Amino acid sequence: MKLMEDKVVLITGAAQGIGFATAKAFAEAGGLVALADYDEDLVNQAADQLIAAGHKALAIVCDVSDDTQVKAMVDKTVATFGRLDAAYNNAGIQNVLADAADQTMEDFDRVTGVNFRGVWSCMKYELQQMRKQGSGAIVNCSSIGGILGGAQRGTYHGAKHGVIGLTKSAALEYAPQGIRINSICPGLIHTPMADKMVEGGQRDALDAMLAAVPVGRLGRPEEIANAVVFLCSDAASLIVGHTLVVDGGYSIQ
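In the annotation of an unreviewed UniProt entry, the protein is listed under the name Glucose 1-dehydrogenase and assigned to Chryseobacterium bernardetii.

Right, here's the structure in full:
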């Protein structure tokens, strides 16, 4: 029997990068997968790719910074598959690089709306369904930016620190109800977001960070996906409120 056989899984930011790799990993583990993303074309292509491979998948267009859309996303998942067993709240964006004194309110609201409030909103509606069932598992995507500081990245890092606090607090509330909540902190992973950093003139910064990674390379999206599937599976049945860092050793120095 596969690790997630017939389990219903919802993933945000699922059209590409870590999100799509995780959707694929859940599908290959036997899951029924709802892929959510704000990019309609990309998320439809992603779901079609899984369906073509013989998996059960559903594409949902959702901007996680919009609470109404998040509720509709969870409702559609449950209406289609009948329940919700696991969720990976992965959607995230980078802030515009700026010193703290020069950061704009518009960018703060944009980044925290997705990276912090979006996770809060997703978890809220996922939990409403899971507590009816008396079971479920949620993984919230933080970052090494959730455990470390970063010059000119205060908004992003602040939001990612907040995700860990949300996770730990909710984990305490829902563990007695059969629902496990954990967070994951990816390190430097080769994703479209990393490519955009390079295109935006941050190659030197990325190279400097990479030089400090003990394993000496960028991570692969599949390496995060495997960790998320594990945390959502019964194999992780005693792991509650944990922050799993998957960064090749970058943060231990």
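Between its first and last C-alpha, helix α1 (residues 17-28) extends 17 Å over 12 residues, near the 16 Å set by a 1.5 Å rise per residue. The element α1 is largely enclosed, with a buried count of 10 among its 12 residues.

The subject of this paragraph is the sheet that holds strand β6 (residues 179-186). Read from one edge of the open sheet, 7 strands run β3-β2-β1-β4-β5-β6-β7, paired in parallel fashion. In this open sheet, the two strands that pair with only one neighbour each are β3 (57-61) and β7 (243-246). Neighbour-to-neighbour, the strand axes of the sheet open up by a mean angle of 15 degrees, direction not taken into account. In this sheet, β7 lies alongside β6 in parallel orientation, the contact comprising 4 bridges. Paired with Ser 183 across the bridge in β7 is Thr 243. Seen against the sheet, helix α2 (residues 40-52) touches β2 (32-37) and β3 and runs at an angle of roughly 175 degrees to β3. The strands touched by helix α3 (residues 67-81) are β1 (8-12), β2 and β3; relative to β3, the strand with the most contacts, the crossing angle is about 160 degrees.

Moving on: empty space enclosed by the protein. Taken as a whole, this structure holds 1 cavity of 30 Å³ or more when the rule is applied. There is about 30 Å³ of room inside the largest cavity. As for the largest cavity, its lining consists of Thr 12, Val 64, Asn 89, Asn 90, Ala 91, Val 114, Gly 118, Val 119 and Cys 122. The leading source of residues in the lining of the largest cavity is helix α5 (residues 117-133), at 3 residues.

Basis of the calculations
- Residues numbered from 1 in each chain as written.
- Predicted model: local features only at pLDDT ≥ 70, side-chain atom pairs only at ≥ 80, totals over all residues.
- Heavy atoms only, no water.
- Helix = DSSP H or I, 4+ residues; strand = E, 2+ residues; numbered from the N terminus.
- Expected span 1.5 Å × (residues − 1).
- Buried < 20%, exposed > 50% of the residue type's maximum accessible area, 1.4 Å probe, protein only.
- Pairing = 2+ DSSP bridges.
- Axes fitted to C-alpha atoms, helices over the stretch in contact; angles between N-to-C directions.
- Contact = heavy atoms within 4.5 Å.
- 1 Å grid on protein atoms, 1.4 Å probe; cavity = no way out; pocket = protein on both sides within 12 Å on 5 of 7 lines; lining within 4 Å.
- Points joined across faces, edges and corners; volume = space filled by probe spheres on them.

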